[in-house]
Structures are given as C-alpha cells and as structure tokens.
Amino acid sequence: MTQSGVSSPSSDRLRVAILGCTGSIGTQALDVCRQHADKLQVVALSAHSGTERLVASAREFGVRRVAVTDPAHRHDPILQDLPDATSLSVGAQAAVDICLHDDVDCVLVAIVGAAGLAASAAVLATDKRLALANKESLVVGGELLMPMVSPGQLLPVDSEHAAIFQCLLGENPREVHKIWLTCSGGPFFGRSRDQLAHVGVDDALAHPTWNMGAKITIDSATLMNKGLERIEAMHLFGVGMDDICVVIQRQSKIHSMVEYEDGSVIAHLGVSDMRIPIQYAFSYPERWASPALRMDFRELGRLDFGAPDTDAFRCLALAERAGRIGGTLPCVLNAANEIAVSAFLGGTCSFTDIDRIVERCMDDHDAQRVQSLEQLADVDRWARARASQVVSDLS
C-alpha cells in the first residue's frame, strides 16, 4: 500500500478529526496527539453522550468543530463552556459533516458499532486518510467500502490488522500462504460451555491484557471480536476465510503473523498498547517515537499458543458462517450481537444467551447481495428488532 492517490497535508502537521473521542480508542488517540503536538493537530471531535470529556478535549486542543451525536445531550449545560471559536453540531450526521471540511487530512473513526459505517463511507469518498478503528464498517459494508479505497487511503487501527498490514509491507501478496490472526482468548480461556453459562458481567469485563470499552471487552470474552476481525481481514487483505487462521496467544505480545509460501513467517510483536497502532495510522509511512513503554524480551519469559474452542465459544463459528455466506448476513450478525451484548450488560440475558440470540436472528434471515448503505440500514434495523424480540422471549 503506497501513499499515491491520497492528498498530503497542506501544513507541517497532520490535521486530524477523531470521531468517538471519549471512548477507549478516542482517548488514547488524543494521548498520541498530545505527545506529538509538533506533528498532529486536532481540528474536529465527536462524542455520543460524553459531553464533559468532549468539552475538556475541545478546550485543550482548541478544536474548530465538535459534534454530539445523541440529540438528548443537545442542551447539556457543559456545552456552554466550549471555546467561542468552536462550532457545535448535533445528531448522527453531524459526526460525518465535521470531518469533511478542507482543513481535515485524516479521520479516525473510533465510533463503536454499525454507526461508523456512514462515516467511513463518507471519508472514503474524499481524498482524506481513513484511520479505521471501527471494525463493523468492514464487517457490515466491506463489499461497498473496499472498492472505494484509494492506495494508501485506509490504515487499519485494530492491533491485529495493523500488525498484518506491517507484516505485508514490501512483500508480494500473491505469495501469502496464511494469515495467523492472534487472539488473547479473553478472560474465560479454557472454560467449558457449562462453565460459561454462569459467568457474570464483572467477570466478562476483566480482560487479561487489553484496556477497552465495555462492548468490545464482552466481544473479546465471547470471541465474537475475533470473528468480526476475521471478516474484516478478508476485506482488508483480499483473502478468503480459509486463508485466515485464529490462534490463541495468551500474552498478547504477538499481534498477528503472516506465513508465506516458502514457509517463512513474519510476526509483529510489541507491548499491549493500542496507542502504537493508532499512532502508526497517523504516522505512516514514517515511524515516530513510541508512545508506550518498550518491551524487554529478556523478561518476556514465554509465548503460549493454542487453538480456540468453537464449541464453547460459539460466536466464533457464527462469524465464520456469516463470513462464508457474505452478503447481508454479516450485518445481521453484527446488529444482533450489539443487542445481545447490551442485554447481557443490562442483566437481561446470560453470557451464553449472546450466541443463542445471534444465531436465532441469522437463522431467520435470508441473505441478500449488498447493494447500498440504505439496504444495510434496513437490514440492521430488522436485525435489532428481531434480536430485541428474542431477548424478550428468553426473559
């Protein structure tokens, strides 16, 4: 992937918009911008409901535009504290609009869930760089988005996909034998299906190595996150499901590997810190000073590997089914999972009910060829409504 086809910044600093600035990825991206203020300028920010943190960041970085995507927070008193020079817009479309101005070079889409799809599509329709931390954009709409990508325009922020991207640099993609997509195994690695039936929310939120938001952390516990990443990798790297193999790497120090036809394997190793792939999406093709502590390999001790248990963690198998069938089925997978995870976090379904809800919705859907964002929005609404009904039936 080269930089040709994507415009270069007109100033010495890369001007960035961060959509989802109050979430885990967004706050870590702001830390990168803070550490590299000589190279990065934050010009636009969006938040869904965290208006206090949005205003604090807007004041710290002197941003020109902010958006609050939840209209219920339109009149939060804290918004009166925005700098006079900062414009405020409200609503889902506002997050898209603030990043399409000429003074934006790069957009980090860190919105959680299917809401990031419209923003990703809008950015790709321009010559701006898309730093993609929203895997659902490609899971749901990869068949629409990837044909829009110019060389060097899309930089993945997921640690695994950023690793694969770097393992492919300078290599012939036709000589790839297999992509090894690493997985920590989550907090319940080694547990049986019966044991998983009794785990609680606090247990599921205790991820062993990564600091993430609640939704992604639950997805990591069910292994749905790895299933979504497998579909995302299919689109990003133009390979089939059989070419992507999930491997448990408990220490989360190998972020993924690429195996070539001659048997050589190139692995990307490093500390478990999301600021590193975030920063690389901003700095590419350069490498800047690390925002994280460095790893001393003399103290690492060991690297463990294993195979995922798809009988216990059925979300991984459901994602494989959706990826193989394609079309609108991944959209149903994703939407139903969001509803199921929300129900689990809210105490209205069990941990193992999550995959039951998703499977029921997938069984009830006749997959169609992806044709438009509007079609995907309709399928998304149907899947959410159906999943909500299944949650109700289980209660």
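Structure shown above.
These numbers were taken from a predicted model, which means no experiment stands behind them.

A. Inspection of the nonpolar core at higher detail. L45, L108, F282, L333, F351 and I354 are the most contacted members of the largest nonpolar core, which totals 122 residues. A per-element tally of this core places helix α13 (residues 329–345) first, with 11 residues. If near-sequence neighbours (up to four positions away) are discounted, L108 is found in contact with A17, I18, L19, I25, A29, A131, A133, V157 and F282.

B. Local environment of helix α2 (residues 51–61). Considered for burial, the residues of α2 that qualify are T51, L54, V55, S57, A58 and F61. Around the axis of α2, the buried residues are gathered within 165° of arc, so they sit on the same side. Within α2, the exposed residues directed more than 90 degrees away from the buried face are E52 and R59. Buried residues along α2 sit in contact with α1 (24–35), β2 (40–47) and β3 (65–68). Positive backbone phi, approximately 60°, marks G62, located one or two places after α2.

C. Region of interest: the pairing of β3. In β3, alternate side chains face the same way, and those of R65 and A67 on one face and V66 and V68 on the other are all buried. Considered for its hand, the β-α-β crossover made up of β2, α2 and β3 is right-handed. Looking at chain direction, β3 and strand β4 (residues 87–90) are connected through 4 bridges and run parallel. In the strand pairing of β4, V66 is matched with L88.

D. Geometry of the sheet that holds strand β5 (residues 106–109). Pairing is parallel in the open sheet, where 7 strands are placed in the order β4-β3-β2-β1-β5-β6-β7. In this open sheet, the two strands that pair with only one neighbour each are β4 and β7 (154–156). Neighbouring strand axes in the sheet, compared pairwise and without regard to direction, differ in orientation by 20° on average. Pairing geometry for strand β1 (residues 14–19) and β2, over 6 bridges, is parallel. Pairing of V16 across the sheet is with V42, part of β2. Packing of helix α11 (residues 275–283) onto the sheet brings it into contact with β1, β2, β5, β6 (129–132) and β7, and relative to β6 it is tilted by some 170°.

E. Molecular detail of the pairing of β5. Burial of β5 is two-sided: the residues C106 and L108 facing one way and the residues V107 and V109 facing the other way are all buried. Here β1 runs beside β5; their pairing, made up of 4 bridges, is parallel. Looking across to β5, one finds that V16 is bridged to C106. Here β5 pairs with β6 via 4 bridges, running parallel. Within β6, the residue paired with L108 across the bridge is A131.

F. Up close: the environment of A29. Among the structural elements, A29 can be located in helix α1. In this structure A29 touches I18, L108, I278 and F282, once residues within four positions along its chain are discounted.

G. Representation of the pattern of salt bridges in the model. Scanning the model with the defined rule gives 27 salt bridges in all. The partner of E136 in a salt bridge is K215, with the nearest N and O atoms 3.5 Å apart. Of this pair, E136 sits in helix α5 (residues 135–145) while K215 sits in helix α9 (residues 214–222), placing them 79 residues apart in sequence. Residue E136 shares its accessibility class with K215, and that shared class is buried. The partner of R298 in a salt bridge is D296, with the nearest N and O atoms 3.0 Å apart. Judged by relative accessible area, R298 falls into the exposed class, the value being 76%. Each of the salt bridges in this network shares a partner with another, and the network as a whole consists of D31, R34, E60, D273 and R275.

H. Seen up close, empty space enclosed by the protein. For the structure on display, the rule yields 1 cavity of 30 Å³ or more. Each pocket or cavity is described by its volume, and for the largest cavity that value is around 50 Å³. Every element with two or more residues in the lining of the largest cavity is listed here: α7 (193–196) and α12 (314–325). Considering only residue class, the lining of the largest cavity consists of 5 nonpolar, 2 polar and 3 charged.

I. View of the packing of aromatic side chains. Enumeration over the complete set of coordinates arrives at 5 aromatic pairs. Centroid distance Y280 to Y284: 5.8 Å. Interplanar angle 75°. Geometry classified as edge-to-face. Side by side, Y280 and Y284 carry an identical accessibility label, which is buried. Look at F344 and F351: their rings are 5.6 Å apart centre to centre, the planes differ by 70°, and that puts the pair in the edge-to-face class. Taken individually, F344 and F351 each receive the classification buried, so the pair is uniform in this respect. In textbook terms, an aromatic cluster arises when at least three aromatic residues are bridged by ring pairs, as seen for F165, Y280 and Y284.

Cut-off values and rules
- Residues numbered from 1 in each chain as written.
- Predicted model: local features only at pLDDT ≥ 70, side-chain atom pairs only at ≥ 80, totals over all residues.
- Heavy atoms only, no water.
- Core = buried A, V, L, I, M, F, W, Y, C linked by side-chain atoms within 4.5 Å.
- Buried < 20%, exposed > 50% of the residue type's maximum accessible area, 1.4 Å probe, protein only.
- Helix = DSSP H or I, 4+ residues; strand = E, 2+ residues; numbered from the N terminus.
- Contact = heavy atoms within 4.5 Å.
- Arc of directions from axis to C-beta.
- Right-handed = clockwise from strand over helix to strand, strands pointing away.
- Pairing = 2+ DSSP bridges.
- Axes fitted to C-alpha atoms, helices over the stretch in contact; angles between N-to-C directions.
- Salt bridge = Lys/Arg side-chain N within 4 Å of Asp/Glu carboxyl O.
- 1 Å grid on protein atoms, 1.4 Å probe; cavity = no way out; pocket = protein on both sides within 12 Å on 5 of 7 lines; lining within 4 Å.
- Points joined across faces, edges and corners; volume = space filled by probe spheres on them.
- Nonpolar A, V, L, I, M, F, W, Y, C, P; charged D, E, K, R; others polar.
- Phe/Tyr/Trp six-rings, centres within 6.5 Å; stacked < 30°, edge-to-face > 60°.

These values are about where atoms sit, not about what they do.
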